[in-house]
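What the coordinates show
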There are 2 protein chains.
Amino acid sequence: MQDIRVKVDSGSYLITQNLNDLKSFAKQKSKVLLICDSNTKQHALTIQNDLNCESLLEVLSPGEDTKSFTSIVYLLEKYSSQLNRASGVVLVGGGMIGDLGALFSSLLFRGIDFYMVPTTLLSMVDSSIGGKTAVNLKTGKNLAGVFSSPKGVFINFNFLKTLPWIELLSGYGELIKSALIDSEAFYQKALNLDLKGYFESKEVSDEFSTLVYKAMLLKKNVVQEDPFEKGLRKVLNLGHTMSHAIESYYKYKIPHGVCVFYGLFLEGALGKHLGYVDSNYPLEVLDKFRQLGLDEFDGKWRDLESWLKVDKKNFDATIQFAFLKKPGVLYDLQKISTSVQLEKVFEKEEIFS
Amino acid sequence: MQDIRVKVDSGSYLITQNLNDLKSFAKQKSKVLLICDSNTKQHALTIQNDLNCESLLEVLSPGEDTKSFTSIVYLLEKYSSQLNRASGVVLVGGGMIGDLGALFSSLLFRGIDFYMVPTTLLSMVDSSIGGKTAVNLKTGKNLAGVFSSPKGVFINFNFLKTLPWIELLSGYGELIKSALIDSEAFYQKALNLDLKGYFESKEVSDEFSTLVYKAMLLKKNVVQEDPFEKGLRKVLNLGHTMSHAIESYYKYKIPHGVCVFYGLFLEGALGKHLGYVDSNYPLEVLDKFRQLGLDEFDGKWRDLESWLKVDKKNFDATIQFAFLKKPGVLYDLQKISTSVQLEKVFEKEEIFS
């Protein structure tokens, strides 16, 4: 995999499989704090050993419940007296550790440098790129955060070997999303990826790593064009308006990317019903979702209404969706996000079944 | 007073006495949330009436205790369901409301627009300019925050009429700091300002408003040159290393600018002792402090040690100070902040008396 250079306001950073970039980050710091959860502690210890510098290790509880201001305040109170502005933070984990740890780093002393080590497929293809930090509020997921870029992202496919099947599927959901946004060709390849084969063999095929690389590249290109989500970047929310509502409904017990996977079908079906989508991809995505043994939403659609309303992208009585005409082609390139009146969303229960 | 245009990464904004700038900010927003405390509620109601748009009013408790993550989470949970990304926030109050409200605005949905209406002399000359947002931690003051700029700052000298004497003195401390950094001439004018005359007459003289304007201009020029405090901006911390320690020692019961006022003397005296400062300004500042009836630090100097250590500017065993050779002249323009070994700071108790 080639290095990817991401340009940001303050310069640029690398997404790389070369550990030396992280090593030189650590070398410039007076002290390094590694943050992980109990699932990724082993990986963090490996990194800590490789870095061989003055360091601290913080092991948090895994799961979305940890992604809260309670954790932020705990970390800030604890490390404000153990670190200083010349310290660095290394985040070893999935999206929860990345989002939370990056927000903590951005708040401590009004920002100290941090480096991302994504250990899940989901965080590799999505959350580690783009500078979004976040915690959840009682009122919804990711409602608080800032934009803040890491000093680098270290990719090690070996970390995926210990990933449970459901977490692999979660990353796959975001991979399909990126593929759908990119092109018909990428979408077809993503849909036909032999994920079970990988899970059984633990061998990252060239095909698999190429798809991950393409997803990272797509995300990089989009966020570089529109870092603060004023326009184009909203396309990355494909499937996410529905997925956020479903996640909230299930109290975050279902992995994010699995909800996105289903959200791609749901929003696609809605788009077809409204005449925006002119492709068979929604049903193909649903078929794949079922094929992989995943469980569909078992509530009433109307139950999602209150969660759709609180989504931070929504303005007043309309709900924002990014619709694709077909893979690789936005329905409305000018507007990107299309507003749908809330009553239109649940007009016909049967469009989702 | 002329408008001051502040350039920031995302464009620029105005510091202005013209209410139309705030009015046009509000007009562009779907809804406006005004945040104030019970001391500034009357001013907020006046502004709310002037704006005449769809709005909400949040009245917080006054005082440093409110500047915490407890308040941030309260505001985020409450307003994440009542506002959206097209909403705006107007902050009517002193430094506490400004620092807290700007951090809240910067975190909600990863940042919604906010506008500052400083109602104290301190916030006019200092905290409303420069994009620093903050809350206090148990471990120290302003240890958490982000850099984030307002869309404008509205200055109305009438708000100062209701300001208690001690709050006026607090602003005066920061005014003297700005004057010291700027030049001998500005420093002399600031030192000779008839503050009591203003407090009795409530008439803002041309002389007074000119000094406020010059202080805002100095701050603007410094932060524009160095928005993220990588170098030059550290000069604005003149007097602040000591003042933060004193504030922490007294559990924030003494207004910030009063501590800065005394900190200017303390750091000046330390600088003289160490041979950095070659001017009589430290004693002049102390004389003025006493003349105005303010109480000096009544603890032991060593009691400040633990608070000096936690200051977020400090790297390891040294304490950072910005020293002036004399008014308007930095001791070390290359380094700006000069490191002093902690044991050197309290070498001789008598240098501070």
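Digging into the relation of the copies chain B and chain A
Of the two same-sequence chains, chain B is brought onto chain A (RMSD 0.0 Å, axial shift 0.0 Å) by a rotation of 180°. Taken together, the rotation and translation describe the operation of a two-fold axis. Comparing contact sets, 95% of the residues at the interface of chain B also lie at the interface in chain A, consistent with an isologous, same-surface contact.

Focus: the packing of helix α10 (residues 240-249) of chain B against helix α11 (residues 256-274) of chain B
Relative placement of two packed helices is described by the angle separating their axes and the distance separating the axes. All names here are of chain B. The N-to-C vectors of α10 and α11 enclose an angle of 130°; their axes lie 7 Å apart at closest approach. Judged by the inter-axis angle, α10 sits oblique to α11. The element α10 and its partner α11 pack so that their crossing is right-handed. Here H240, T241, M242, S243, H244, I246 and E247 of α10 lie close against α11, whose contacting residues are H256, C259, V260, Y262, G263, L266 and E267. Here the residues of the contact of α10 with α11 sort into six nonpolar, six polar and two charged.

Remarks on the nonpolar core
Counting residues in hydrophobic clusters, the biggest one holds 210 residues, and the most contacted among them are F69 and F104 of chain A together with I72 and F104 of chain B. When sequence neighbours within four positions are dropped, the list of residues in contact with F104 of chain A reads L33, I35, I72, L75, L76, Y79 and V89 of chain A.

Some remarks on the interface of chain B and chain A
Accessible area lost upon the coming together of the parts serves often as the stated size of an interface. Contact with chain B, which involves 37 residues of that partner, is made by 36 residues of chain A. Between chain B and chain A, a total of about 3,200 Å² is buried, with carbon and sulfur atoms accounting for 60% of that surface. At the junction of chain B with chain A, the criterion picks out zero salt bridges. Here chain B is connected to chain A by 11 residue pairs in polar contact (both at pLDDT 80 or more). Looking at the side of chain B that touches chain A, the elements with two or more residues in it are α3 (69-79), α4 (95-107) and β8 (140-144) of chain B.

A look at the pairing of strand β10 (residues 318-322) of chain A
Residues and elements named next belong to chain A. The element β10 is largely enclosed, with a buried count of five among its five residues. Along β10, one buried face is formed by T318, Q320 and A322 and the opposite face, lined by I319 and F321, is buried too. Sheet topology places β10 next to strand β13 (residues 337-341); five bridges connect them, and they run antiparallel. Note on β13: the bridge partner recorded for T318 is Q341.

Remarks on the domain arrangement of chain A
All names here are of chain A. What the domain assignment reports for chain A is domain 1 (4-162) and domain 2 (165-352). Taking only C-alpha atoms, the centre of domain 1 and the centre of domain 2 are 25 Å apart. Taken together, both faces of the contact between domain 1 and domain 2 bury some 2,800 Å²; the carbon and sulfur share is 67%. Sorting the residues of domain 1 by area buried against domain 2 places L121, V125 and K141 first, and these three jointly supply 21% of that buried surface. The interface formed by domain 1 and domain 2 contains four salt bridges. Between domain 1 and domain 2 we count eight residue pairs in polar contact (both at pLDDT 80 or more) in total. Put simply, the parts of the chain that give the side of domain 1 that touches domain 2 at least two residues each are β1 (4-8), α5 (121-127), β7 (135-137) and β8 (140-144). The biggest single contributor to the side of domain 1 that touches domain 2 is α5, with six residues.

Observations concerning the pattern of salt bridges
As a working rule, side chains carrying opposite charge can pair if their charged atoms are close by. With the rule as written, the count across this model stands at 22 salt bridges over all chains. For D99 of chain B, the salt bridge is made with K67 of chain B, and the minimal N-O distance between the two is 2.9 Å. Note that D99 of chain B is positioned in helix α4 and K67 of chain B in the loop between β4 (55-60) and α3, a separation of 32 residues in sequence. A single burial state applies to D99 of chain B and to K67 of chain B, both of which are buried. When salt bridges with common partners are traced through the structure, they connect D126, E174, K177 and K219 of chain A into a single cluster.

A look at unusual backbone geometry
Residues and elements named next belong to chain A. Of note in this structure, K202 is not a glycine but carries a positive phi near 60°. In this structure, K202 sits in the loop between α8 (195-201) and α9 (206-225). Looking at K202, the relative accessible area reads 23%, which means it is partly exposed. A positive phi angle, close to 60°, is found at Y252, a residue other than glycine.

Definitions and cut-offs
Residues numbered from 1 in each chain as written. Chains lettered and ligands numbered in written order. Predicted model: local features only at pLDDT ≥ 70, side-chain atom pairs only at ≥ 80, totals over all residues. Heavy atoms only, no water. Least-squares fit on C-alpha atoms with pLDDT ≥ 70 in both. Contact = heavy atoms within 4.5 Å. Axes fitted to C-alpha atoms, helices over the stretch in contact; angles between N-to-C directions. Helix = DSSP H or I, 4+ residues; strand = E, 2+ residues; numbered from the N terminus. Parallel < 35°, antiparallel > 145°, perpendicular 65-115°, else oblique. Left-handed = near helix turned anticlockwise from the far one by under 90°. Nonpolar A, V, L, I, M, F, W, Y, C, P; charged D, E, K, R; others polar. Core = buried A, V, L, I, M, F, W, Y, C linked by side-chain atoms within 4.5 Å. Buried < 20%, exposed > 50% of the residue type's maximum accessible area, 1.4 Å probe, protein only. Buried area = accessible area lost by both parts, 1.4 Å probe. Salt bridge = Lys/Arg side-chain N within 4 Å of Asp/Glu carboxyl O. Polar contact = N/O pair within 3.5 Å; in protein donor to acceptor, adjacent residues only side chain to side chain. Pairing = 2+ DSSP bridges. Domains from an automatic or database assignment.

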